[in-house]
Amino acid sequence: MNYRHIFHAGNFADVMKHAVLALIVEHLRAKPAPVCVLDTHAGIGRYDLTSDPAQRTLEYQDGIARLFGHAPPHPALAPYLDAVASLNPGGALRWYPGSPRLARALLRPQDRLVLSELHPDDVQALRREFAGDRQVAVHHQDAYEALKAHTPPKEKRGLVLIDPPFEEPGEFDRLVAGLTAAHRRWPTGIYAIWYPIKERPAVWRFHDALEASGIRRILRTELTIHPEDTHLRLNGCGLAIVNPPWRLDETLGALLPAVHAALPTTGGGALVDWLVPE
């Protein structure tokens, strides 16, 4: 409830997360059947990079600002960068799309977006952002309650993004429990679970729990920009993707190293492998 994403909007972690999200939604669009995207930690939808909080940290300058308005370092970044550009038609970078606005930019008329957010101020901002949009439903709801309430969707095709702020101890445990329960109800859905990389043993325990969950086809993707020699900063981030689209592993295997090379880093790199195969 205390986390405010505006301080971090458009940073390297957003770039990684949203580039992958855009590719998954692009894949879902390839077939004419409708899809549903559920965002369990939706935030406010879009972020003003000229606002005081964003200007205080300037994290976006080492993230989206390194890519916006330039030739993409890899063609697979195009859906993501096009969505960012659509919010900034004058060519100057001011607005950054959160996951809801990014997903909405990529959905077709037959598709649906379900947004869950617990913070009361953020819910009101979301409702203003999507006022009058009949394809978007905004719920003032706990993320894990939303997982129970909205899976499986009536479309039977789609994506669930689980992107917690990791404010409290036990978040990794709640993630695995929530994912496992949702997967039992909707085993064919695509699930993308974002996680921070600060303290590597915590990430190892999370991966071990995913492996022990019984869920198959989990792709592990990570981008680190610093050496992992301290847990006092965000060294990197990852997405564990259940039921990833065909050949996404190959695409990300080329895309993430290109993103790493395009951003200012002091170390780290990219990792794409199968945490749990078929």
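Use the structure listed above.
Nothing here was measured: the structure is a model prediction, and the numbers come from that model. (Residues numbered from 1 in each chain as written. Predicted model: local features only at pLDDT ≥ 70, side-chain atom pairs only at ≥ 80, totals over all residues. Heavy atoms only, no water.)

### Topic: the overall build of the protein chain
Reasoning step 1: Counting its regular elements, the protein chain contains 9 helices and 10 strands.
Reasoning step 2: In summary, the protein chain has a C-alpha radius of gyration of 17 Å against a globular reference of 19 Å for 278 residues, a match within 12%.
Reasoning step 3: Counting only residues that meet the buried cut, the protein chain has 55% of its 278 residues in that class.
Reasoning step 4: Restricting to contacts in the protein chain with at least 6 residues of sequence separation, those with at least 24 account for 76%.
Reasoning step 5: Counting 30 positive and 32 negative side-chain charges, the protein chain places the averaged centre of each group 6 Å from the other. (Helix = DSSP H or I, 4+ residues; strand = E, 2+ residues; numbered from the N terminus. Rg over C-alpha atoms; globule rule 2.2 N^0.38 Å. Buried < 20%, exposed > 50% of the residue type's maximum accessible area, 1.4 Å probe, protein only. Contact = heavy atoms within 4.5 Å. Lys, Arg positive; Asp, Glu negative; His and termini not counted. Charge placed at Lys NZ, Arg CZ, Asp CG, Glu CD.)

### Observations concerning the pattern of salt bridges
Reasoning step 1: This structure, assessed with the given rule, holds 20 salt bridges.
Reasoning step 2: Residues Asp48 and Arg94 are paired through a salt bridge, measuring 2.8 Å at the closest nitrogen-oxygen approach. Here the residue Asp48 occupies a position in strand 2 (residues 46-48), and Arg94 occupies one in the loop between helix 3 (78-86) and strand 3 (95-97), the gap between them amounting to 46 residues.
Reasoning step 3: Between Arg66 and Asp62 there is a salt bridge, with its nearest N and O atoms 3.4 Å apart.
Reasoning step 4: Looking at Arg66, the relative accessible area reads 42%, which means it is partly exposed. (Salt bridge = Lys/Arg side-chain N within 4 Å of Asp/Glu carboxyl O.)

### Thoughts on the nonpolar core
Reasoning step 1: Judged by nonpolar contacts, the single largest core of 87 residues is most densely connected at Ile64, Tyr80, Leu159, Ile193 and Ile241.
Reasoning step 2: Looking at this core, the element that brings in the most residues is helix 1 (residues 12-28), giving 12 residues. (Core = buried A, V, L, I, M, F, W, Y, C linked by side-chain atoms within 4.5 Å.)

### A word on the packing of helix 1 against helix 9 (residues 248-262)
Reasoning step 1: Contact pair helix 1 / helix 9: the axes reach a minimum separation of 11 Å and the direction vectors enclose 150°. In terms of their interaxial angle, helix 1 and helix 9 are classed as roughly antiparallel. As helix 1 runs across helix 9, the sense of the crossing is right-handed. Contacts from Val15, Met16, Ala19, Val20, Leu23 and Ile24 of helix 1 reach helix 9 at Leu248, Thr251, Leu252, Leu255, Leu256 and Val259. (Axes fitted to C-alpha atoms, helices over the stretch in contact; angles between N-to-C directions. Parallel < 35°, antiparallel > 145°, perpendicular 65-115°, else oblique. Left-handed = near helix turned anticlockwise from the far one by under 90°.)

### Comments concerning the sheet that holds strand 1 (residues 36-39)
Reasoning step 1: Within the open sheet, the 8 strands sit side by side as 5-4-1-6-7-9-8-10. Their pairing is mixed. Each having just a single partner strand, strand 5 (136-140) and strand 10 (269-276) make up the two edges of the open sheet. Adjacent strand axes in the sheet meet at a mean angle of 15°, parallel and antiparallel pairs treated alike.
Reasoning step 2: Of the strand pairs in this sheet, strand 8 (residues 218-224) and strand 9 (residues 236-242) are connected by 7 bridges, and their pairing is antiparallel. Paired with Leu223 across the two strands is Cys237, which belongs to strand 9.
Reasoning step 3: Each of strand 6 (158-162), strand 7 (190-197) and strand 9 touches helix 7 (residues 171-185); the most contacted strand, strand 7, lies at about 175° to it.
Reasoning step 4: Each of strand 7, strand 8, strand 9 and strand 10 is contacted by helix 8 (residues 200-212), which is oriented at about 160° to strand 7, the strand it contacts most. (Pairing = 2+ DSSP bridges.)

### A few points about unusual backbone geometry
Reasoning step 1: With an omega of -5°, the peptide bond running from Thr151 to Pro152 counts as cis.
Reasoning step 2: Tracing the chain through its elements places Pro152 in the loop between helix 6 (143-150) and strand 6.
Reasoning step 3: In this model, Leu58 sits at a positive phi of 55°, which is unusual for a non-glycine residue.
Reasoning step 4: Locating Leu58 in the fold gives a position in the loop between helix 2 (52-57) and helix 3.
Reasoning step 5: Located in the positive-phi region is Lys156, a residue other than glycine, with phi close to 65°.
Reasoning step 6: If you trace the backbone, Lys156 turns up in the loop between helix 6 and strand 6.

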